[in-house]
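# Reading the structure
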Amino acid sequence: MISLVPGFLMWSMIVINEIPDYEEDRAAGKMNLVARFGRRRGVALYVVGLVCAYAVMPLSATFSLAPLGILLGLLTAPIAYHSFLILKENYLDKIKIAPANLAMIKIHALTLTALIIGYLAAGFLT
């Protein structure tokens, strides 16, 4: 179950990377999700991935599908929220959304590191 977290985070990372390339992708016939549905819906798809990733963690812990330590991954939620705010305000500007894209890279790396630490801690404590 917890392996869904990196998948959903990667989903969001891919979507946010497609948003600045919207015009070029459409012109080249690259019909990815953002090119098909538009940048505004791309922002929504980005959020869906993040929400799903952050929902899986407490649900996994609640139903004993993962150790409680994986909740450390939730510590990156403020970075994700900040990234969303930047993207929401600037999704039409390639340059201004760059910090949101960088934040997504940090979210992915830090969340997965936190999950690893949570699993290691559970292994040492049991």
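Residues numbered from 1 in each chain as written. Predicted model: local features only at pLDDT ≥ 70, side-chain atom pairs only at ≥ 80, totals over all residues. Heavy atoms only, no water.

## Structural notes on the environment of Trp11
Mapped onto the elements of the fold, Trp11 is located in helix α1 (residues 4–18). Residues within four places of Trp11 in sequence aside, it is in contact with Leu33, Leu45 and Gly49. (Helix = DSSP H or I, 4+ residues; strand = E, 2+ residues; numbered from the N terminus. Contact = heavy atoms within 4.5 Å.)

## Here's the deal with a nonpolar patch on the surface
A cluster of nonpolar residues, Met1, Leu4, Leu59, Phe63 and Leu65, forms a patch on the protein surface that exposes about 500 Å² of accessible area. Following the sequence through the fold, Leu59 ends up in helix α4 (residues 39–62). (Patch = residues over 30% accessible without salt bridge, like charges linked within 9 Å, V, L, I, M, F, W, Y side chains within 5 Å. Areas by Shrake-Rupley, 256 points an atom, 1.4 Å probe, with all protein chains shown as cover. Salt bridge = Lys/Arg side-chain N within 4 Å of Asp/Glu carboxyl O.)

## Concerning the nonpolar core
Judged by nonpolar contacts, the single largest core of 28 residues is most densely connected at Val5, Ile19, Tyr46, Leu87 and Met104. Counting only elements with at least two residues in this core, the list comes to α1, α4, α5 (77–90) and α6 (98–125). A per-element tally of this core places α4 first, with eight residues. Apart from residues lying up to four places away in sequence, Met104 is in contact with Leu9, Ser12, Met13, Ile16, Tyr46, Leu50 and Ser83. (Core = buried A, V, L, I, M, F, W, Y, C linked by side-chain atoms within 4.5 Å. Buried < 20%, exposed > 50% of the residue type's maximum accessible area, 1.4 Å probe, protein only.)

## Considering the packing of aromatic side chains
Counted under the stated rule, the structure contains one aromatic pair. With a centroid separation of 6.3 Å and an interplanar angle of 45°, the aromatic rings of Tyr81 and Phe84 are classed as tilted. Residue Tyr81 and its partner Phe84 are located together in helix α5, separated by three residues, close to a single helical turn. (Phe/Tyr/Trp six-rings, centres within 6.5 Å; stacked < 30°, edge-to-face > 60°.)

## Considering the packing of α5 against α6
Look at α5 against α6: their axes get within 9 Å of each other, and the N-to-C directions meet at 160°. Taken as axis vectors, α5 and α6 run roughly antiparallel relative to one another. Seen from above, α5 lies across α6 with left-handed handedness. Between α5, through Ile79, Ala80, Ser83, Ile86 and Leu87, and α6, the contact on the second element is made entirely by Pro99, Ala100, Ala103, Met104, Ile107 and Leu110. Along the lines of polarity and charge, the residues of the contact of α5 with α6 split into ten nonpolar, one polar and no charged. (Axes fitted to C-alpha atoms, helices over the stretch in contact; angles between N-to-C directions. Parallel < 35°, antiparallel > 145°, perpendicular 65-115°, else oblique. Left-handed = near helix turned anticlockwise from the far one by under 90°. Nonpolar A, V, L, I, M, F, W, Y, C, P; charged D, E, K, R; others polar.)

## Looking at the pattern of salt bridges
A full pass over the atoms with the stated rule returns two salt bridges. The salt bridge involving Glu23 is made with Arg39; its shortest N-O contact spans 3.3 Å. Of this pair, Glu23 sits in helix α2 (residues 22–28) while Arg39 is found in helix α4, placing the two residues 16 residues apart along the sequence. Take Arg39: its relative accessible area is 18%, and that puts it in the buried class.

## A closer look at α6
A rise of 1.5 Å per residue sets the reference length of α6, with its 28 residues, at 40 Å; its end C-alpha atoms lie 40 Å apart and thus fit the reference within 8%. Within α6, the full set of buried residues consists of Ala100, Asn101, Ala103, Met104, Ile107, His108, Thr111, Ala114, Leu115 and Gly118. Each element contacted by the buried residues of α6 is listed here: α1, α4 and α5. (Expected span 1.5 Å × (residues − 1).)

## Focus on α4
Between its terminal C-alpha atoms α4 stretches 35 Å, which fits the 34 Å expected from 24 residues at 1.5 Å a residue. If you check which residues of α4 are buried, you get Arg39, Gly42, Val43, Tyr46, Gly49, Leu50, Ala53, Tyr54, Val56, Met57, Ser60 and Ala61. In this structure, the buried residues of α4 make contact with α1, α2, α3 (33–37), α5 and α6. Once α4 finishes, Ser64 follows within two positions and takes phi at roughly 55°, a positive value.

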